[in-house]
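Remarks on the overall topology
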Amino acid sequence: MPSIEKTFIMIKPDAVRDRKSGLIIDRIERCGLTIERMEKCELDDETVKVHYAHLADKPFFGDLVAFMTSGPVVKMVVSGLGAVSKMRTLMGATNPQDAAPGTIRGDFAIDVNSNVIHGSDSLENAAIEIERFFG
Ligand code: IDP
Ligand code: MG
């Protein structure tokens, strides 16, 4: 039985630039999830490097940091029953090529370099990320 959870969600610079934030927020609310907090902001290199530290040894890491600092993001705390896994399902696969139609990445993203949305991958990481981005 899922319990009420909070997860950290971020609409990435590509989607903000393309004015897709509203459509993405609509999908989240339609799922019965609640936007608890939301703010548009720009990320600095250091924050992105810490957030994606698990990918620091990947060849695309530099491009990922450049992408995430290329423009404003919309950061959110989203709550609801089983919010962490519900958001991961709603987002779709990391690589939009593999993301099912009807998912946010499946419908709004084209390639893995700019895949529209971030969502925490576990309840433990959700708490860490909410603290990191909202303090
Ligand atoms: P997730 O965002 O679905 O949790 P992670 O494996 O945590 O996926 O990767 C974090 C982010 O790093 C992805 O959302 C994407 O922006 C970027 N990324 C992951 N794999 C690749 C890749 O193979 N090429 C380019 N960027 C990637
Ligand atoms: Mg991840």
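Placed above this text is the structure.
1. Structural notes on the sheet that holds strand S3 (residues 73-81)
Ordered by their spatial adjacency, 4 strands build an open sheet running S2-S3-S1-S4, and the pairing between neighbours is antiparallel. Of all strands in the sheet, those bounded by a partner on one side alone are strand S2 (34-41) and strand S4 (117-119). Adjacent strand axes in the sheet meet at a mean angle of 20°, parallel and antiparallel pairs treated alike. Note that strand S1 (residues 4-11) and S3 share 8 bridges and pair antiparallel. Within the sheet, the bridge partner assigned to Glu5 lies in S3 and is Gly80.

2. Re the site of ligand 1
Around ligand 1 sit Lys12, Tyr52, His54, Leu55, Phe60, Leu64, Arg88, Thr94, Arg105, Val112, Asn113 and Asn115, and those are all the residues in its vicinity. Residue Lys12 places a side-chain N or O atom 2.9 Å away from an oxygen atom belonging to ligand 1. A distance of 2.8 Å separates an oxygen atom of ligand 1 from a polar atom in the side chain of Arg88. The residue makeup of the shell around ligand 1, split by class, is 5 nonpolar, 4 polar and 3 charged.

3. Considerations on the pattern of salt bridges
Inspection of every chain in the model, using the stated rule, returns 2 salt bridges. The salt bridge partner of Asp26 is Arg30, with a shortest N-O separation of 2.8 Å. With Asp26 and Arg30 both in helix H2 (residues 21-30) and 4 residues apart, this pair spans about one turn of that helix. Of the residues examined, Asp26 reaches a relative accessible area of 31% and is grouped as partly exposed. Among the ionic pairs, Asp107 bridges to Arg27, the shortest N-O distance being 2.8 Å. Separated by 80 residues along the polypeptide, Asp107 in helix H6 (residues 104-108) and Arg27 in helix H2 bring together distant segments of the chain.

4. Looking at the packing of aromatic side chains
Applying the stated criterion to the full structure yields 2 aromatic pairs. Consider the rings of Phe8 and Phe133, whose centres lie 4.5 Å apart with planes at 10°: the pair is stacked. Taken together, the residues span a long stretch of sequence, with Phe8 in strand S1 and Phe133 in helix H7 (residues 123-134) at a distance of 125 residues. Both residues of the pair, Phe8 and Phe133, count as buried. Arranged with centres 6.3 Å apart and planes meeting at 70°, the rings of Phe8 and Phe134 form a pair that is edge-to-face. Highlighted residues: Phe8 in strand S1 and Phe134 in helix H7, separated in sequence by 126 residues. Across the pair, exposure class does not vary: Phe8 and Phe134 are buried alike. One aromatic cluster in this structure is built from Phe8, Phe133 and Phe134.

Each value, and the rule that gives it
Residues numbered from 1 in each chain as written. Chains lettered and ligands numbered in written order. Predicted model: local features only at pLDDT ≥ 70, side-chain atom pairs only at ≥ 80, totals over all residues. Heavy atoms only, no water. Pairing = 2+ DSSP bridges. Helix = DSSP H or I, 4+ residues; strand = E, 2+ residues; numbered from the N terminus. Axes fitted to C-alpha atoms, helices over the stretch in contact; angles between N-to-C directions. Near = heavy atom within 4 Å. Polar contact = N/O pair within 3.5 Å; in protein donor to acceptor, adjacent residues only side chain to side chain. Nonpolar A, V, L, I, M, F, W, Y, C, P; charged D, E, K, R; others polar. Salt bridge = Lys/Arg side-chain N within 4 Å of Asp/Glu carboxyl O. Buried < 20%, exposed > 50% of the residue type's maximum accessible area, 1.4 Å probe, protein only. Phe/Tyr/Trp six-rings, centres within 6.5 Å; stacked < 30°, edge-to-face > 60°.

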